[in-house]
Amino acid sequence: QLQASGGGLVQAGGSLRLSCAANGTIFSINVMAWYRQAPGKQRESVATITSGSNANYADSVKGRFTITRDNAKNTVNLQMNSLKPEDTAVYFCNAAGVAGPYFYGMEFWGKGTQVTVSS
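Source: prediction; values computed, not measured. (Residues numbered from 1 in each chain as written. Predicted model: local features only at pLDDT ≥ 70, side-chain atom pairs only at ≥ 80, totals over all residues. Heavy atoms only, no water.)

Topic: the overall build of the protein
In terms of helices and strands, the protein carries 0 helices and 11 strands. If you list the helices and strands of the protein from N to C, you get β-β-β-β-β-β-β-β-β-β-β. Here the C-alpha atoms of the protein give a radius of gyration of 14 Å, agreeing with the 14 Å that 2.2 N^0.38 yields for 119 residues. By its C-alpha atoms, the protein is 45 × 25 × 20 Å across when sized along the principal axes. Across the protein, contacts joining residues at least 24 apart in sequence account for 55% of those joining residues at least 6 apart. In the protein, which carries 10 positive and 6 negative side-chain charges, the distance between the mean positions of the two groups comes to 4 Å. (Helix = DSSP H or I, 4+ residues; strand = E, 2+ residues; numbered from the N terminus. Rg over C-alpha atoms; globule rule 2.2 N^0.38 Å. Contact = heavy atoms within 4.5 Å. Lys, Arg positive; Asp, Glu negative; His and termini not counted. Charge placed at Lys NZ, Arg CZ, Asp CG, Glu CD.)

Focus: the packing of aromatic side chains
Scanning the entire structure with this criterion turns up 2 aromatic pairs. Judged by centre distance (6.0 Å) and plane angle (90 degrees), the ring pair of Phe 103 and Phe 108 falls under edge-to-face. Residue classification places Phe 103 among the partly exposed positions, given a relative accessible area of 23%. Taking the ring centre of Phe 92 as reference, the NZ or CZ of Arg 43 above it sits at 3.7 Å. (Phe/Tyr/Trp six-rings, centres within 6.5 Å; stacked < 30°, edge-to-face > 60°. Buried < 20%, exposed > 50% of the residue type's maximum accessible area, 1.4 Å probe, protein only. Lys NZ or Arg CZ within 6 Å of the ring centre and 35° of its normal.)

Section: the state of the cysteines
Tallying each qualifying case throughout the model produces 1 disulfide. Shown here is the disulfide that connects Cys 20 with Cys 93, its sulfur atoms set 2.1 Å apart. Residues Cys 20 and Cys 93 share a disulfide whose torsion about the S-S bond is about 50 degrees; that sign makes it right-handed. With Cys 20 in strand E3 (residues 16-22) and Cys 93 in strand E9 (residues 89-99), this pair connects stretches of sequence that are 73 residues apart. (Disulfide = S-S within 2.5 Å.)

Digging into the pairing of strand E8 (residues 75-80)
Here E8 lies mainly inside the structure; 5 of its 6 residues are buried. Linkage of strand E7 (residues 65-70) to E8, two consecutive antiparallel strands, is achieved through a turn of 4 residues, within which Asn 74 is found at a positive phi near 55 degrees. (Pairing = 2+ DSSP bridges.)

So, the pattern of salt bridges
All told, the structure shown has 4 salt bridges when counted by the stated rule. Ionic pairing is found between Lys 62 and Asp 59, a salt bridge with its closest N-O pair at 3.2 Å. The two residues Lys 62 and Asp 59 agree in class, both being exposed. Across the pair Asp 87 and Arg 64 runs a salt bridge whose closest N-O atoms are separated by 2.7 Å. (Salt bridge = Lys/Arg side-chain N within 4 Å of Asp/Glu carboxyl O.)

In short, shape yes, function no, at least from these values alone.
Dropping the structure here:
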């Protein structure tokens, strides 16, 4: 239901933009988010954004990452600037509180996309 794109390899200080689109017939999505999981670590929340565009960020990415969404297109983006090697992880998009023609309150995860930041 969620398809993410935009990962890749970048040098420290560089930028990447991740995009995620929810496919299928969806009426609304309450919260969209990006999570990441580094090798040997637990998955952590990077940024979340509500349908009213209220955004929250992990302390580690504040001032460097920006999350945006398009409610009409059911898409969420993550602009990542000033990337650091510690940002290296698999990034996952998430949609929570999803309503459709036959469901309500569902949560979906996209397949991860690898982001690698070299020093």
